[in-house]
Amino acid sequence: YNTTDALIAATGLVIGSRYTTIGYHTVGDGGGNDLIIQSNAYGTVDGGSVIQLIGSPLRAQGLFPEGVKFTQFGAVADFGTGNTDNSPMLSACLDFTGRIFFDEGHYLLATPIVKVMNNIDFEMENSQTTSLVYNGTGLALDFTSALPVLQIPRVRFTNFYLRNSLNFAAYAYTFGSYTGSGIKL
């Protein structure tokens, strides 16, 4: 199938069949994946690691042979030309793994992401052409809200750039209390 969207709508799929897509919404959008068809009882649907098929009563399991990309969870890099809120996709992606690669583009986040995690690895293709753009209120990313006292998350950001919708940097690497927009570690 050219896209994951096309696989989702397909009929006649058989449990155990494997498919490769070359995009999630459109060919070449970075969201392609290898998938295997599973029963409808398989896993929790999150739009990336487990996808509910609407053309049949089955689910597709993402195999991620080259690692997890944000676009494989349906994220759309359309800030500036569209207004897709990628917050649900980032939340689902983080529920699956803390190691995420972000393809080139600018991804809008409109609601805060709060996760209890201590192994986070965000890698962006290029800090000049790839960013998370946050236009919500409060912290954009909070990875410590319920961590035990004295436990500090292990975090690695590569080519990372978080900005607000007014186009200036909105991130801060802080430990402990922090108010404002940005990241709480």
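Residues numbered from 1 in each chain as written. Predicted model: local features only at pLDDT ≥ 70, side-chain atom pairs only at ≥ 80, totals over all residues. Heavy atoms only, no water.

Caption draft 1: Region of the structure containing the nonpolar core. Core analysis: the largest hydrophobic core is formed by 25 residues, its most contacted members being Phe70, Leu90, Leu94, Ile100, Phe102 and Phe122. It is helix H2 (residues 87–96) that contributes the most residues to this core, five residues altogether. Not counting the four nearest positions on each side in its chain, Phe102 is found in contact with Phe70, Leu90, Tyr107, Phe122, Glu123, Met124, Glu125, Thr130 and Leu132. Grouped together as the second largest cluster of nonpolar side chains are eleven residues, Ile8, Ala10, Tyr24 and Ile37 included. (Core = buried A, V, L, I, M, F, W, Y, C linked by side-chain atoms within 4.5 Å. Buried < 20%, exposed > 50% of the residue type's maximum accessible area, 1.4 Å probe, protein only. Helix = DSSP H or I, 4+ residues; strand = E, 2+ residues; numbered from the N terminus. Contact = heavy atoms within 4.5 Å.)

Caption draft 2: Here's a closer look at the environment of Glu123. Within the secondary structure, Glu123 is located in strand S8 (residues 119–124). By relative accessible area, which is 29% here, Glu123 ends up partly exposed. When the C-alpha atoms of Glu123 and Arg99 are compared, they prove to be 7.9 Å apart, with 24 residues separating the residues in sequence. The residues touching Glu123, leaving out its near neighbours within four places in the chain, are Ile100, Phe101, Phe102, Arg156 and Thr158.

Caption draft 3: Geometry of the confidence of the model for the protein chain. Of the residues in the protein chain, 79% reach a pLDDT of 70 or more, and the chain-wide mean stands at 83. Across residues 166–181, where pLDDT falls below 50, the model places 33 contacts with residues more than four positions away in sequence or in other chains. (pLDDT = per-residue confidence, 0-100.)

Caption draft 4: Highlighting H2. All of the buried residues in H2 are Ser87, Met89, Leu90, Ala92, Cys93 and Leu94. In the core, the buried residues of H2 are packed alongside strand S5 (99–102), strand S6 (105–109), strand S7 (113–114), S8 and strand S10 (141–142).

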